[in-house]
Amino acid sequence: MSTREVKKRSIKEISPIDVYMLLPKTNCKECGEENCMAFATKLVNREIPLSQCKPLLKKENENVFKQLWEMLKPPIEEVEVGSEPNIIKIGGKYVMYRHEFTYTNPTAIAIDITDEMPDEEVFSRLKTTENFNYIYIGQTLKLNMISIRSTSGNPETFKATVKKVAENTKLPLVLCSFDPPVLEAGLMATPKARPLLYAATKDNWKDMAELAIMYNCPLTVFAPNDLKLLRSLSKTVSQYGVKSLVLDPGTIPGDGLADTIGNFTMIRRSATKRGDELLGHPLIGTPITAWLENADSPPELKNWNEAHLAATLINRYADILIMHSVEGWALLPNVVLRENIYTDPRKPVAVEPGLRTFGTPNQDSPVMFTTNFALTFYTVASDLESAGIDSYLIVVDSEGIAVDCAVAGRKITADKVAEAIREAKVEEKVKHRRLIIPGKAARLSGEIEESSKWEVLVGPRDSSDIPKFLKEKWTTTT
Amino acid sequence: MRKLAEKKSEEEIQDLLRSLTDFQEVELEDVEIDIEDLEILLHSGSSRDLALHGLLHFLNTAEAGIASAKSIITGKRSPPRFATSTRVARAPPTALAKPTSILKVDFAVPTEEYLGQVAEVTLGATKSEGGSRGKTITIGGEKAPAFYLFESPTPHKPAISLDVFDTHVPLAKPVKMHVAEVMDDPAAWAKLAVDKYEADMITLHLISIDPLIKDTSPAEAAKTVENVLQAVDVPLIIGGCGDPKKDLEVFEKVAEIGAGERFMLSSVTQDMDIERACTAAKKHGHVVLSFTPMDLNQARQLNRRIYDFLPKNQIVMDTTTAALGYGLDYAFTIMERARLAALMGDPELQHPMSSGTTNAWAAREAWKKMEPEWGPREFRGPMWETVTAITLLLAGVDLFMMMHPAAVKTLKKTIEYLTKGSSGDPEKIANWVTAKL
């Protein structure tokens, strides 16, 4: 076993005090924080980089800096692919389960191109990848990388394709070949791009390691369904001098699925819970292997199988994926899943406060309010939408907290609601003055009437009952 | 034009369904890669230089202190030509020689000990057990997180129950096209779901009992249940309308006419008369679904209240399923935490988990026509349900209530693969890089 396998404390075991004890304790505020303790707290929460502490960069603090760096570094290496300014970071995870902290660096999705694809297809794939964007809760969901495989096995062919792609995209690259001369030819076409190299195996590791060192690239180690070999190769190429590694324990579709996610899971647990540094590198999943199954089946089926294999891998710790599909219906669910899984569970998700309209409301339509907690908002919105209710919904800023907690915690007050009514200019839109409030905000009804001068109707506790409520209770007059 | 496109999508999805049925074994061509001897100029820069460069680069990124940073580095090399990773600490020890052959190390399977185990719950009862079902389904019993086969095999396959409604409900078009002919007849619908779509179980949603819809009487609802019982021989889940008073009346009646069938009553909620609901389940031998809105404390609390009346093996829990893109992150994390807590020994969460996966269709990306770049909803919709299901499967869900045949088929296959255990042949993918797709 490796000598470097010393158990490292997990992120949850490091307290701000541990960090504070090592800081200069000068309260110099150069980092922008009030004092060293505040800085320590932010460090532990990974909200500020260590380098913000200027005194730590002095020579006499070199050892302390290293000590803190070791203490705070994630158990999964953060690997950078690409060159400035087009760098993508993968890995850098602190935990196994997202609820333990938060996941960093959303799974990068690389789209497949080969050196035998006709130009037309190469360019259309580049275009699809670059233009892919979907707006979701204020975020633009995108694809991230291009993977180029040599199916020709010919160095010149590969070189030409890499050159063509590199000239036409700024997206970071993955170069794939098990044949070192082929990979080197690709690297020569774009020597400073720092692509991710795929892959070192038990047979070619030495040459691959040389390439990775010479071109200063991160290197993938591939040992399908053999964790002993994967670990051995990780140790070997690290010791050889390769600085940044990505691990591929193999994505075996179909009847290999149990082994595949078993391997991903064991690796991540070994790294995060047991401090195994040899396995503390980002994981690459290749759902593209779904295309190898049932070779004669229609492309829809292959797209289909690749899509749900990708979803499985996003859930089970893949830091980067290589996909062949360019179908929107196959990719969209995956980028949305990725966004969900990588949302910081420590922070409530909020939507923009303000007025929303449903259907085609008129001056007699009901006016309601809800909070800007995203889940609450989307639930209410979907209930109004599916019931086809023409209405106005005022989204009040509750700092992303659900109704009951927001009322209890004074995140929603009568004054805030009154102000939201004014800002939404809803008095210009309807002639009545009757506001339907969430059932869980019932205790604010009197105060809201006082502040807003609107009449308050206490609505249902669950938005699914709004249709029923309106049917029974809604009129524009008292 | 649009009609034609729709028609085409329908045909495609039918093809897809057929294809999903006929998975075939395919032999891959084994392409050997010849590795030629290489001549690569040895780079003069050692790993030590790279480590120093890395440190330098890292320090350079700090706004100030560059001078002092440089003084840390005793080497007199010029600045790095390439941006290097900031991974200072991980730089290989410089004292070690470059290996000439693979440094063999072992791998220790990282198993853990768990104090707790999920309860086993059996749904349905055969003739000899006092019911009339052709088979029963047992879920739960886990001793390790979902599909940690390196620790413990999955004791029971997660089960899939297909939704059947007793009255017309608005269904997404991609779903409706598969059940359109049976929507007026719950018994025929259930039969189709079992015979054609291979449902392990049927969830009969008695929506029509809703005072706001048809206000169907408990006796009438019970009649529908009897019809479905006769049409299929799989275990049944009885779903209410969400009105705690009406549901209770109906559950009491249905529990009685289906005495011994070991239904799952879906669901018992905090605002229900829990004593009455549980007493009905206990008296007639049924299981209850303990349903709470995405909150572990509320889940524990409700389960505790149910313990006053029912043993653990008659309780399944549902902590709420939100659709992919609409809160799936919460649903996933609550379930993952519930399962881990159960295994760590929290007795109040040691229940099999059920998911209303059909909720995936609440996402507009599932049912809506979108710009052409997002593909036909006939594929997008079932994929939405599939991804929602797989995510929750990995969190530990034992029972899925689902809708779309393609999603059901895919989840079934996935469960089969995940429970079967190690048969991953690395040869299958060894040469994926050169495969011409």
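Because the structure is predicted, anything quoted here is derived from the model rather than measured.

## Some thoughts on the overall build of chain B
Now for step 1: Along chain B, the regular secondary structure elements total 13 helices and 10 strands.
Now for step 2: The 437 residues of chain B split such that 57% are buried.
Now for step 3: Long-range pairs, those at least 24 residues apart, make up 72% of the contacts in chain B between residues at least 6 apart in sequence.
Now for step 4: When the accessible area of chain B is evaluated, it comes to approximately 19,000 Å², of which 50% is carbon and sulfur surface.

## Remarks on helix H14 (residues 414-423) of chain A
One full turn of an α-helix is made of 3.6 residues, so residues set three or four places apart face in the same direction.
Residues and elements named next belong to chain A.
Now for step 1: Looking only at H14, the buried set comprises Ala414, Val417, Ala418, Ala420 and Ile421. Buried residues in H14, looked at end-on, bunch into an arc of 160°, giving them a common side. Residues Asp415, Arg422 and Glu423 are exposed on H14 and point more than 90 degrees away from its buried face.
Now for step 2: For H14, the elements touching its buried residues are strand S14 (367-371), strand S15 (391-396), strand S16 (434-437) and helix H15 (445-452).

## A closer look at the interface of chain A and chain B
Now for step 1: Contacts between chain A and chain B engage 130 residues on the former and 117 residues on the latter.
Now for step 2: Taken together, both faces of the contact between chain A and chain B bury some 11,600 Å²; the carbon and sulfur share is 67%.
Now for step 3: Our count for the chain A to chain B interface comes out at eight salt bridges.
Now for step 4: The tally of links from chain A across to chain B stands at 29 residue pairs in polar contact (both at pLDDT 80 or more).
Now for step 5: The element contributing the most residues to the side of chain A that touches chain B is helix H8 (residues 227-240) of chain A, with 11 residues.

## Some thoughts on the pairing of strand S3 (residues 159-165) of chain B
Residues and elements named next belong to chain B.
Now for step 1: Of all seven residues that make up S3, seven are buried, and the element is covered over most of its length.
Now for step 2: Residues Ala159, Ser161, Asp163 and Phe165 of S3 are buried on one face, and the alternating residues Ile160, Leu162 and Val164, pointing to the opposite face, are buried as well.
Now for step 3: Direction of pairing for S3 relative to strand S10 (residues 399-402): parallel, over a ladder of four bridges. Across the sheet, the residue bridging to serine 161 is methionine 401, located in S10.
Now for step 4: Both S3 and strand S4 (residues 201-205) contribute to a ladder of five bridges, which runs parallel. Paired with leucine 162 across the strands is isoleucine 202, a residue of S4.

## Some thoughts on the domain arrangement of chain A
Many analyses report the size of an interface as the accessible area lost when the parts associate.
Now for step 1: According to the domain assignment, chain A consists of domain 1 (3-72), domain 2 (78-341) and domain 3 (354-477).
Now for step 2: Placing the centre of domain 1 of chain A and that of domain 2 of chain A at their C-alpha centroids yields a distance of 32 Å.

## Concerning the environment of Ala40(A)
All names here are of chain A.
Now for step 1: Here alanine 40 lies in helix H2 (residues 36-44).
Now for step 2: With 17 residues separating them in the primary sequence, alanine 40 and leucine 23 have C-alpha atoms 7.9 Å apart.
Now for step 3: Contact partners of alanine 40, with chain neighbours within four places excluded, come to Pro16, Val19, Tyr20 and Leu23.

## Details of the sheet that holds S15(A)
Residues and elements named next belong to chain A.
Now for step 1: Judged by pairing direction, the sheet is mixed, and its five strands sit side by side in the order S13-S15-S14-S16-S17 without closing on themselves. Two strands in the sheet have a free side with no partner beyond their single neighbour: strand S13 (354-358) and strand S17 (455-458). Taken pair by pair, the neighbouring strands of this sheet meet at an average axis angle of 30°, ignoring direction.
Now for step 2: Two strands pair when backbone bridges link them, and S13 and S15 are joined in this way by five bridges, in the antiparallel orientation. Of the residues in S15, the one forming a bridge with phenylalanine 358 is serine 391.
Now for step 3: Strands in contact with H15 are S14, S16 and S17; relative to S17, the strand with the most contacts, it is inclined by about 155°.
Now for step 4: Here helix H16 (residues 466-473) sits on the sheet in contact with S14, S16 and S17, set at roughly 145° to S16.

## Thoughts on helix H6 (residues 180-189) of chain A
Residues and elements named next belong to chain A.
Now for step 1: Most of H6 sits out of view: eight of its 10 residues are buried.
Now for step 2: Of the residues making up H6, those classed as buried are Pro180, Pro181, Val182, Leu183, Glu184, Ala185, Gly186 and Leu187.
Now for step 3: Among the structural elements, helix H5 (155-168), strand S7 (173-176), strand S8 (196-200) and helix H7 (205-214) are those in contact with the buried residues of H6.

## Describing the side chain of Ser365(A)
Residues and elements named next belong to chain A.
Now for step 1: Here serine 365 shows up in the loop between S13 and S14.
Now for step 2: Only 2.8 Å separates the side chain of serine 365 from the backbone nitrogen of asparagine 362, close enough to count as a polar contact.
Now for step 3: With residues up to four places along the chain from it excluded, the contact list for serine 365 reads Asp390, Ser391, Val430, His432 and Trp474.

## Some thoughts on the packing of aromatic side chains
The description of an aromatic ring pair rests on the distance of the ring centres and on the angle between the ring planes.
Now for step 1: Inspection of the entire model under this criterion finds 17 aromatic pairs over all chains.
Now for step 2: Between Tyr134(A) and Trp374(B), the aromatic rings sit 5.2 Å apart at their centres with planes inclined by 80°, giving edge-to-face as the arrangement. Placement of the pair is Tyr134(A) in strand S4 (residues 133-136) and Trp374(B) in the loop between helix H11 (364-367) and helix H12 (377-395), with the two residues belonging to separate chains. Summarising the burial analysis for this pair, Tyr134(A) and Trp374(B) share the class buried.
Now for step 3: Seen from their ring centres, Tyr198(A) and Trp432(B) are 5.2 Å apart, and the 70° between their planes marks the pair as edge-to-face. Placement of Tyr198(A) in strand S8 and of Trp432(B) in the segment after helix H13 (405-420) is noted, with the two residues assigned to different chains. Neither residue differs from the other here; Tyr198(A) and Trp432(B) are each classed as buried.

## Notes on the packing of helix H10 (residues 299-315) of chain A against helix H11 (residues 328-342) of chain A
Residue and element names in this part refer to chain A.
Now for step 1: Contact geometry for H10 and H11: axes closest at 9 Å, N-to-C directions at 5°. For the element pair H10 / H11, the angle class is roughly parallel. Here H10 contributes Glu300, Asn303, Trp304, Ala307, Ala310, Ala311, Ile314 and Asn315 to the contact with H11, which in turn contributes Trp329, Ala330, Asn334, Leu337, Arg338 and Ile341.
Now for step 2: Of the residues assigned to the contact of H10 with H11, the class counts are nine nonpolar, three polar and two charged.

Procedures and definitions
Residues numbered from 1 in each chain as written. Chains lettered and ligands numbered in written order. Predicted model: local features only at pLDDT ≥ 70, side-chain atom pairs only at ≥ 80, totals over all residues. Heavy atoms only, no water. Helix = DSSP H or I, 4+ residues; strand = E, 2+ residues; numbered from the N terminus. Buried < 20%, exposed > 50% of the residue type's maximum accessible area, 1.4 Å probe, protein only. Contact = heavy atoms within 4.5 Å. Areas by Shrake-Rupley, 256 points an atom, 1.4 Å probe, with all protein chains shown as cover. Arc of directions from axis to C-beta. Buried area = accessible area lost by both parts, 1.4 Å probe. Salt bridge = Lys/Arg side-chain N within 4 Å of Asp/Glu carboxyl O. Polar contact = N/O pair within 3.5 Å; in protein donor to acceptor, adjacent residues only side chain to side chain. Pairing = 2+ DSSP bridges. Domains from an automatic or database assignment. Axes fitted to C-alpha atoms, helices over the stretch in contact; angles between N-to-C directions. Phe/Tyr/Trp six-rings, centres within 6.5 Å; stacked < 30°, edge-to-face > 60°. Parallel < 35°, antiparallel > 145°, perpendicular 65-115°, else oblique. Nonpolar A, V, L, I, M, F, W, Y, C, P; charged D, E, K, R; others polar.

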